[in-house]
2 protein chains.
Amino acid sequence: MKKLILVSNDDSIEAHGVHELVKSLQTLGDVFCICPEQPQSGMSMALTVNNPLRVKRLEDYHGAQMYKVNGTPVDCIKIAVDNLLPRKPDIVVTGINHGSNAAINVVYSGTMGAAFEGCAYGVPSIGFSLTSHREDADFSPCYPVVEKIVRKVLEKGLPQGVCLNVNMPANVKEFKGIRVTRGCKGRWDDHYEEYLDPARRPFYWLAGTFVNEEPDNEDTDEWCLSNGFVSIVPVKLDPTYPRPSDFNWLSEED
Amino acid sequence: MKKLILVSNDDSIEAHGVHELVKSLQTLGDVFCICPEQPQSGMSMALTVNNPLRVKRLEDYHGAQMYKVNGTPVDCIKIAVDNLLPRKPDIVVTGINHGSNAAINVVYSGTMGAAFEGCAYGVPSIGFSLTSHREDADFSPCYPVVEKIVRKVLEKGLPQGVCLNVNMPANVKEFKGIRVTRGCKGRWDDHYEEYLDPARRPFYWLAGTFVNEEPDNEDTDEWCLSNGFVSIVPVKLDPTYPRPSDFNWLSEED
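Since we're looking at a predicted model, the values are computed, not measured. (Residues numbered from 1 in each chain as written. Chains lettered and ligands numbered in written order. Predicted model: local features only at pLDDT ≥ 70, side-chain atom pairs only at ≥ 80, totals over all residues. Heavy atoms only, no water.)

### A word on the overall build of chain A
A tally of regular secondary structure across chain A gives 6 helices and 12 strands. Across its three principal axes, chain A shows a C-alpha extent of roughly 55 × 50 × 50 Å. A total of 254 residues make up chain A; the buried ones form 58% of that total. When contacts within chain A are restricted to residue pairs at least 6 apart in sequence, those whose partners lie at least 24 apart make up 75%. About 10,600 Å² of surface is accessible on chain A, with carbon and sulfur atoms providing 47% of the total. Charge centroids of chain A, computed over 25 positive and 35 negative side chains, lie 7 Å from each other. (Helix = DSSP H or I, 4+ residues; strand = E, 2+ residues; numbered from the N terminus. Buried < 20%, exposed > 50% of the residue type's maximum accessible area, 1.4 Å probe, protein only. Contact = heavy atoms within 4.5 Å. Areas by Shrake-Rupley, 256 points an atom, 1.4 Å probe, with all protein chains shown as cover. Lys, Arg positive; Asp, Glu negative; His and termini not counted. Charge placed at Lys NZ, Arg CZ, Asp CG, Glu CD.)

As C-alpha cells, this is what we get:
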C-alpha cells in the first residue's frame, strides 16, 4: 500500500516552504497538505477550543490534496487525522519552516507544535526548518535531505513519544553532512519596543536576539548549523522530568 | 527584601481562580498579577509576534497590582518581566487553572505555558490547577497547599530548566496529601463535531475524552488525583531526548 503522508506548517498555506516540502515528498506516497490559512508563527501547541473551525479544499498541487483551516498548526493535524484523512497517516511532516527552530525556539514553534501533535497520535513525525526568514530563500539544497530523512523514518519508525526537529542552514551550497545533536542552551534576550498610536495610547512590539550560552560545544544544534551541517534533534512530547523523586522534598503525607 | 511574585493564568483576568491565587499569595511578598484579557485555554506556549500588545492597569486587588494584556499567557510573562516589573521576579506562579492540566494536558495548557516561560527566564515557576471547570468551584482547600508549595520553592529554589505542574483534585474536603508524581501516559480520543451554519456551510468543533493508558499505576498524576492527593509533576522546558545518540542511524557524513 502507498504511504499516507500528512503535511502541515505554521507559515500558512501560502508559504513557499510548504510547497517545496510537498514537492520533495511527492515520490514517497500520497500527500495530504493541511495548513493554517493565516500565518501562525510562534503558536507552539496552541489548540482552538472556544471557536469553530472551517476547512476549505484548494486545488491539488503536484499530486497532493491541499486544504486550509482557520486555526492553528495543531488544529490542522487534529482535524486532518480525525475527519479528513482516509486513515491514520504513516508519517507527519511539517515545514519547511521559514526560520530556525533550533535551541529554545522548538518550544514556541508552530511547525514543531504540529510535529508534536502528530507524535501525540502515535505517528512518526518530523518538523523541517531552514534558517532563513526570506520568502525567496533557496530551498533546493533541502530536497535530498528531506527525502532521505523521511524515507529512513518511514522504514525504521520512531519510538513512541519522540519526534524529530530538523534544521537546515541557509545560504549553504552543499550541506557538510547530517548530524544528530541536542538543543543548544540559550535564551532570547528580548524586550518590547514602545510606540504611541495616533491617539497617543502606548502599544508594544516584541523584539530580541538569541543568546547562545554554549557557542563552543560541537554537539549542539546551533554549532552544527553555524558550521554547515544539518541538525536533527530528537525531542520528547512528555516534559516530565526523568527523576521526579529528586523533588520528594515537596511531598507531604500524614 | 520582600519577595517579588509574578502571577498569571490562561483563563483571563476575570477568572475566579487567579483571584483566589492572588489572595493565597498575599502574605508571601509583593504580588504583580498580569493576565490575558481574553480566555486563552489551550494556548500552550503561543507567543504574539505579528501584532502589537496593549497593557491596561486595573484596580489593585488584595494589595496586588493587576494588569491585563491583549495577548497570550506567554506574552503576559514576557511583557511583565521585560517592561512592567521593577526587577526580575523571585517566582512565577500561574493559575489556579479551572480544569486539570495533568497528563498530556500539560503541553496544551496556557497556564503551564506561562510557567514554562517563567522557567525560560531562569525564574522558579509553578503552575496550579484545580480539576474542575466550574466557575463557582470551591478553591478554599487549595489555599494552604499553594502557600506551602510556594513557600518551599521560594526557600529552596528549583533547578534551572525545571518547573512544577501542580494539580489539585476538586470536590475533596481535605486532600490526603501531596505527592511528587510523573505525567500519566494517555491521549485525547477526540473528534470534530460537524455542524451546518444558516447558509448551509459546514463548521467543526473539537470534542473528546481523555483515555488513561495506565490507570493502575500509582506513581502517575492521574492516579493521585483520582485518589484525593495533590499531584506535583516536575517538568522540563527543554524537550531534547536524553540520549540523542540513539538516533545516530539518521546521521550522515562524508
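From this point, the discussion proceeds with the structure in view.
### Re the nonpolar core
Within the largest apolar cluster, 50 residues are counted, with the highest numbers of intra-cluster contacts made by Leu6(A), Ile34(A), Phe116(A) and Phe116(B). Among the elements that line this core, the one with the most residues is helix 2 (residues 73–84) of chain A, at 6 residues. Not counting residues up to four positions away in its chain, the partners in contact with Leu6(A) are Phe32(A), Ile34(A), Ile77(A), Ala80(A), Val81(A), Leu85(A), Pro89(A), Ile91(A), Val92(A) and Val93(A). (Core = buried A, V, L, I, M, F, W, Y, C linked by side-chain atoms within 4.5 Å.)

### Quick notes on the packing of helix 2 (residues 73–84) of chain B against helix 4 (residues 110–120) of chain B
Residue and element names in this part refer to chain B. Direction vectors running N to C along helix 2 and helix 4 enclose 30°, while the axes themselves pass 7 Å from each other. Relative to helix 4, helix 2 is oriented roughly parallel. In this structure, the crossing between helix 2 and helix 4 has a hand that is right-handed. Residues Pro73, Val74, Ile77 and Lys78 of helix 2 form the contact with helix 4, whose own contacting residues are Gly110, Gly113, Ala114, Glu117 and Gly118. The residue makeup of the contact of helix 2 with helix 4, split by class, is 4 nonpolar, 3 polar and 2 charged. (Axes fitted to C-alpha atoms, helices over the stretch in contact; angles between N-to-C directions. Parallel < 35°, antiparallel > 145°, perpendicular 65-115°, else oblique. Left-handed = near helix turned anticlockwise from the far one by under 90°. Nonpolar A, V, L, I, M, F, W, Y, C, P; charged D, E, K, R; others polar.)

### Regarding the packing of aromatic side chains
Applying the stated criterion to the full structure yields 8 aromatic pairs over all chains. Here Tyr195(A) and Phe203(A) contribute two aromatic rings whose centre-to-centre distance is 5.1 Å and whose plane-to-plane angle is 5°, an arrangement assigned as stacked. Arranged with centres 6.4 Å apart and planes meeting at 25°, the rings of Trp223(A) and Phe229(A) form a pair that is stacked. The class of Trp223(A) is buried, set by a relative accessible area of 17%. Geometry around Trp249(B) places Lys156(A) over its ring, the cationic atom sitting 4.8 Å from the centre. (Phe/Tyr/Trp six-rings, centres within 6.5 Å; stacked < 30°, edge-to-face > 60°. Lys NZ or Arg CZ within 6 Å of the ring centre and 35° of its normal.)

### Focus on the pattern of salt bridges
Counted according to the given criterion, the structure contains 34 salt bridges over all chains. Across the pair Glu253(A) and Arg179(B) runs a salt bridge whose closest N-O atoms are separated by 2.9 Å. Here the residue Glu253(A) occupies a position in strand 12 (residues 252–253), and Arg179(B) occupies one in strand 8 (residues 177–180), the pair thus bridging two chains. The class for Glu253(A) is partly exposed, based on a relative accessible area of 44%. In this structure, the salt-bridge partner of Arg87(B) is Asp90(B), at a minimum N-O distance of 3.2 Å. (Salt bridge = Lys/Arg side-chain N within 4 Å of Asp/Glu carboxyl O.)

### With respect to the interface of chain B and chain A
Taken together, the 78 residues of chain B in the interface contact 78 residues of chain A. For the chain B and chain A pair, buried surface summed over both sides reaches about 6,800 Å², with 61% attributable to carbon and sulfur atoms. It is Tyr192(B), Trp249(B) and Leu250(B) that lose the most area in chain B upon contact with chain A, and together they represent 11% of the buried surface on that side. Here chain B is connected to chain A by 10 salt bridges. Among the salt bridges present, the one from Arg54(A) reaches Asp197(B), with a minimum N-O distance of 2.8 Å. (Buried area = accessible area lost by both parts, 1.4 Å probe.)

### Considering unusual backbone geometry
Across the junction of Gly95(A) and Ile96(A), the peptide omega takes the value -15°, indicating a cis bond. Relative to the helices and strands, Ile96(A) is located in strand 5 (residues 91–98). Here the phi dihedral of Ser12(B) falls at roughly 90°; this positive angle occurs in a residue that is not glycine. With respect to the helices and strands, Ser12(B) occurs in the loop between strand 1 (4–8) and helix 1 (16–25). Assessed through its relative accessible area of 5%, Ser12(B) is described here as buried.

### Quick notes on the sheet that holds strand 1 (residues 4–8) of chain A
An order of 3(A)-4(A)-2(A)-1(A)-5(A)-6(A)-7(A)-11(A)-8(A)-12(B) is seen for the 10 strands of this open sheet, with the pairing classed as mixed. For this open sheet the edge positions go to strand 3 (55–57) of chain A together with strand 12 (252–253) of chain B, each flanked by a neighbour on one side alone. Pairing of strand 1 of chain A with strand 5 of chain A, which is carried by 4 bridges, proceeds in the parallel orientation. Directly across from Ser8(A), in strand 5 of chain A, lies its bridge partner Thr94(A). Together, strand 5, strand 6 (125–130), strand 7 (162–168), strand 8 (177–180) and strand 11 (230–236) of chain A together with strand 12 of chain B form the strand contacts of helix 5 (residues 142–156) of chain A, whose direction differs from that of strand 6 of chain A by roughly 170°. (Pairing = 2+ DSSP bridges.)

### A short note on the confidence of the model for chain A
Per-residue confidence for chain A gives a mean pLDDT of 96, with 100% of residues at or over 70. This complex was scored by the predictor with a pTM of 0.97 and an ipTM of 0.96. (pLDDT = per-residue confidence, 0-100.)

### A short note on the sheet that holds strand 12 of chain A
Working definition: the strands of a sheet are paired by backbone hydrogen bonds and lie parallel or antiparallel to each other. The sheet built from 10 strands is open, its strands ordered 12(A)-8(B)-11(B)-7(B)-6(B)-5(B)-1(B)-2(B)-4(B)-3(B) with mixed pairing. Here the strands that pair on one side only, and so sit at the sheet edges, are strand 12 of chain A together with strand 3 (55–57) of chain B. The strands that helix 5 (residues 142–156) of chain B touches are strand 12 of chain A together with strand 5 (91–98), strand 6 (125–130), strand 7 (162–168), strand 8 and strand 11 (230–236) of chain B; relative to strand 6 of chain B, the one it contacts most, it runs at about 170°.

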